[in-house]
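Results of the structural survey
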Amino acid sequence: MKGRLEDMAVADLIQHNCQDRKTARVQFKNGGQKGELFFKNGNVVHASMGNLSGEDAVYQLVTWEQGTFDLSPDVESPTITVTRNWTSLLLEAARLTDETSEEREAQKEAERTAGLTRGEDERFVEIIQEFSVATPQQLVEQLSSKIEGHRVTCVTQIRGGNLYWYSSSPVELEELVEQVNQFVKMVNTAAVRLKAGKIQDNLLITETDYLLVYFLGKEDFYLLVAADKTKANLGTLRHLARVYGDRMLSALKLEGVLV
Amino acid sequence: MENQNPVAVVLAEMNRTAQFQASTLSLRDGLLVASSASNGDNPAAQSAVVAKLAEAANLVRSQMAIGAPEELSFNAEDGKRLICRPFELNGHELILAVLVPKRGQPYRRATSQAIARLRNVWQTH
């Protein structure tokens, strides 16, 4: 059986072969790279890809999203390099894939924070500004300036409308906040019905944007950040919302908005 | 697996493999198509909740002129997450929702695979 990885993912191939308890060899090609997996009685027993073998090779192969595969039934593996159960193998692969993407996000954030593209003096001034006492509005603007593809940041109260805001693109803020308030109320209702406890944040991912709502300690207040999905990084967005959410909470207390 | 409805089987298999607490497949209006939940969870209530969330997501989308919702989630302080993934299948607007019990537990790959399998099941039944 031959096919394309665009039509059937490596993880799906592993699952189907293992569930059917097949003994087989699957060879993969992706550009100039090659790899292979061997199955025996419903488990992966050997994998190789370039210089890698065993589980490491499986985890690399699972990330391939394009290429071809060629399945030869009843071909026995020449060796055993994988002993982990296939379900556990796929779970670990999924975890590593998520971690890899988080690592990339963290690296991107670290580079940005270190100001690798800016002069040291400029970065020093920025650090001093960041760690001095800032008003809620200054925090909103600081946060907005750090988000690639930024659209809107606002601090708002469910019952009292928006308090502080900054917009990088045209938007009817009052109406948006009203809609988001409805959204937040529905999410809170959902959380109660599901007995999920107090909500920390909620996220809407659309075809084009991220919209993150981060609650500011008190249920009534939240920080809303919207950004262009093609430019913003979700890990960075969450990290910044958390960091600035905590700073915002202190600033709101200093302003007397929160007690 | 609680029944042999092929859609429910896909959900149950996804829950088992990815260790989700519960999952539902609903139409956008909240009508439950299939579910798989561990004891104590209420799929009908979850489905109604999911429909409310989808409605809320559409409200926000219409205001911001942002694209169609691809994923909607909330994180609770106790670590639970509800993930809702809307998708279209043969003209039907569906929402796959999963309740993820632990913080940091991966879900994207598992839900993407389940959606791909649901498409296959839908076509063959």
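Because the structure is a prediction, the values reported are computed rather than measured.

**Digging into the overall build of chain B**
- Looking only at helices and strands, one finds 3 helices and 5 strands in chain B.
- Along the chain direction, N to C, the helices and strands of chain B fall in the order α-β-β-α-β-β-β-α.
- When the 125 residues of chain B are sorted by exposure, 46% land in the buried category.
- Considering only contacts in chain B between residues 6 or more positions apart, those separated by 24 or more positions represent 44%.

**Thoughts on the packing of helix 5 (residues 136-146) of chain A against helix 7 (residues 234-255) of chain A**
Residue and element names in this part refer to chain A.
- Orientation of helix 5 relative to helix 7, taken along the N-to-C sense of each, is 170°, at an axis distance of 9 Å. Between helix 5 and helix 7, the angle is such that the two are roughly antiparallel. Crossing handedness for the pair helix 5 and helix 7: right-handed. Residues P136, L139, L143 and K146 of helix 5 form the contact with helix 7, whose own contacting residues are L240, Y244, R247, M248, A251, L252 and E255.
- Broken down by class, the residue content of the contact of helix 5 with helix 7 amounts to 8 nonpolar, no polar and 3 charged.

**So, the confidence of the model for chain B**
All names here are of chain B.
- Summarising the model, chain B shows a mean pLDDT of 80, and 83% of its residues fall at 70 or more.
- The secondary structure element of chain B with the lowest average pLDDT is helix 2 (residues 43-64), at 68, and the one with the highest is helix 1 (residues 6-18), at 92.
- Here the predicted complex carries an ipTM of 0.79, next to a pTM of 0.61.

**Quick notes on the environment of G32 of chain A**
All names here are of chain A.
- By the element assignment, G32 lies in the loop between strand 2 (24-30) and strand 3 (33-40).
- The exposure class assigned to G32 is exposed, which follows from the 5 C-beta atoms found within 10 Å.
- On a C-alpha basis, the gap between G32 and G67 in space is 9.9 Å, while along the polypeptide they are 35 residues apart.

**Section: unusual backbone geometry**
Residue and element names in this part refer to chain A.
- Backbone geometry at N41 places phi at a positive 50°, although glycine is not the residue there.
- Along the polypeptide, N41 turns up in the loop between strand 3 and strand 4 (43-49).
- Of the residues examined, N41 has 9 C-beta atoms within 10 Å and is grouped as exposed.
- Residues other than glycine seldom take positive phi values, yet D74 does so here, at roughly 60°.
- Position of D74 relative to the elements: it lies in the loop between strand 6 (68-73) and helix 3 (86-114).
- Residue D74 is classed as exposed on the basis of its 8 C-beta neighbours within 10 Å.

**Things to note about the sheet that holds strand 3 of chain A**
Residue and element names in this part refer to chain A.
- Ordered by their spatial adjacency, 6 strands build an open sheet running 1-6-2-3-4-5, and the pairing between neighbours is antiparallel. Looking at which strands have only one partner, the edges of the open sheet turn out to be strand 1 (2-4) and strand 5 (52-53).
- Sheet topology note: the strand 2/strand 6 ladder contains 6 bridges and is antiparallel. Within strand 6, the residue paired with V26 across the bridge is L71.
- Along the sheet, helix 2 (residues 55-62) makes contact with strand 2, strand 3, strand 4 and strand 5, crossing strand 4 at roughly 80°.

**Concerning the pairing of strand 10 (residues 209-215) of chain A**
Residues and elements named next belong to chain A.
- By the criterion of burial, strand 10 is predominantly enclosed, with 7 of the 7 residues buried.
- Alternating residues of strand 10 divide into D209, L211, V213 and F215 and Y210, L212 and Y214, and every residue in both groups is buried.
- Strand direction decides the pairing type here: strand 9 (residues 199-206) and strand 10, joined by 5 bridges, are antiparallel. Bridge pairing links D201 to Y214 in strand 10.
- Here strand 9 hands over to strand 10 after 2 residues, the two strands then running antiparallel side by side.

**A look at helix 1 of chain B**
All names here are of chain B.
- An ideal rise of 1.5 Å per residue puts 18 Å on 13 residues; helix 1 measures up with 18 Å between its terminal C-alpha atoms.
- Of the positions making up helix 1, those classed as buried are V7, A8, V10, L11, A12, M14, N15 and A18.
- If you follow the buried residues of helix 1, they end up packed against strand 1 (22-27), strand 2 (32-37) and helix 3 (108-124).
- Positive phi appears at Q19, one or two residues downstream of helix 1, with a value of about 60°.

Criteria and thresholds
- Residues numbered from 1 in each chain as written.
- Chains lettered and ligands numbered in written order.
- Predicted model: local features only at pLDDT ≥ 70, side-chain atom pairs only at ≥ 80, totals over all residues.
- Helix = DSSP H or I, 4+ residues; strand = E, 2+ residues; numbered from the N terminus.
- Buried ≥ 20, exposed ≤ 12 C-beta atoms within 10 Å, placed from the backbone.
- Contact = placed C-beta atoms within 7 Å.
- Axes fitted to C-alpha atoms, helices over the stretch in contact; angles between N-to-C directions.
- Parallel < 35°, antiparallel > 145°, perpendicular 65-115°, else oblique.
- Left-handed = near helix turned anticlockwise from the far one by under 90°.
- Nonpolar A, V, L, I, M, F, W, Y, C, P; charged D, E, K, R; others polar.
- pLDDT = per-residue confidence, 0-100.
- Pairing = 2+ DSSP bridges.
- Expected span 1.5 Å × (residues − 1).

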